[in-house]
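# Overview (structure and organization)
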Amino acid sequence: MMGEWIRFGVTAALLLIALISFTAAVFGANRFGFIMNRLHAAGIGDTLGIFGVILGLIIAAGFTMYSLKLLLIIVFMWFTSPVSSHFVIQVEYFTNPHLYRNVDRETKESEE
């Protein structure tokens, strides 16, 4: 009986942390003016929020085959979310002509 309450408390805490993370990501994406800062805030908040929600579901469901599937979703999201954010930032980096005043585009190859 006590173990169920502990599991419920840990699940509730993880879901609350995920909710705070998602809320911070929304505010960061709307508050920052520079597109790369917006994507960074959204990517970090999204990754931490997904981790909190899915880990909370794993603890709530117990350790079963369902938990293993959820754990694989966490691993997949942790690899794909930063990569997709990086690709979107690369598109902005190479297509926005107004970034010249904010970003140094010199490479090491051109310095040699």
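Scope of this entry: the structure provided in the associated data block.

Cut-off values and rules
- Residues numbered from 1 in each chain as written.
- Predicted model: local features only at pLDDT ≥ 70, side-chain atom pairs only at ≥ 80, totals over all residues.
- Heavy atoms only, no water.
- Helix = DSSP H or I, 4+ residues; strand = E, 2+ residues; numbered from the N terminus.
- Contact = heavy atoms within 4.5 Å.
- Areas by Shrake-Rupley, 256 points an atom, 1.4 Å probe, with all protein chains shown as cover.
- Axes fitted to C-alpha atoms, helices over the stretch in contact; angles between N-to-C directions.
- Parallel < 35°, antiparallel > 145°, perpendicular 65-115°, else oblique.
- Left-handed = near helix turned anticlockwise from the far one by under 90°.
- Nonpolar A, V, L, I, M, F, W, Y, C, P; charged D, E, K, R; others polar.

This brings us to the overall build of the chain. Along the chain, the regular secondary structure elements total 4 helices and 0 strands. Secondary structure elements in the chain, listed N-terminal to C-terminal, are α-α-α-α. In the chain, the share of contacts with a sequence separation of at least 24, taken over all contacts with a separation of at least 6, comes to 57%. Working note: accessible area of the chain is about 8,300 Å², and carbon and sulfur atoms make up 72% of it.

Time to look at the packing of helix α1 (residues 2–31) against helix α2 (residues 35–61). Where α1 contacts α2, the axes come no closer than 8 Å and their chain directions differ by 165 degrees. With respect to their mutual orientation, α1 and α2 come out roughly antiparallel. For the element pair α1 and α2, the recorded crossing hand is left-handed. Within the contact of α1 with α2, the residues separate by chemical class into 15 nonpolar, 8 polar and 3 charged.

This next bit is on the packing of α2 against helix α3 (residues 65–95). Two elements in contact, α2 and α3, have axes whose closest approach is 10 Å; the angle formed by their N-to-C orientations is 175 degrees. With respect to each other, α2 and α3 are oriented roughly antiparallel. Among the residues making up the contact of α2 with α3, the classes are represented as 20 nonpolar, 5 polar and 2 charged.

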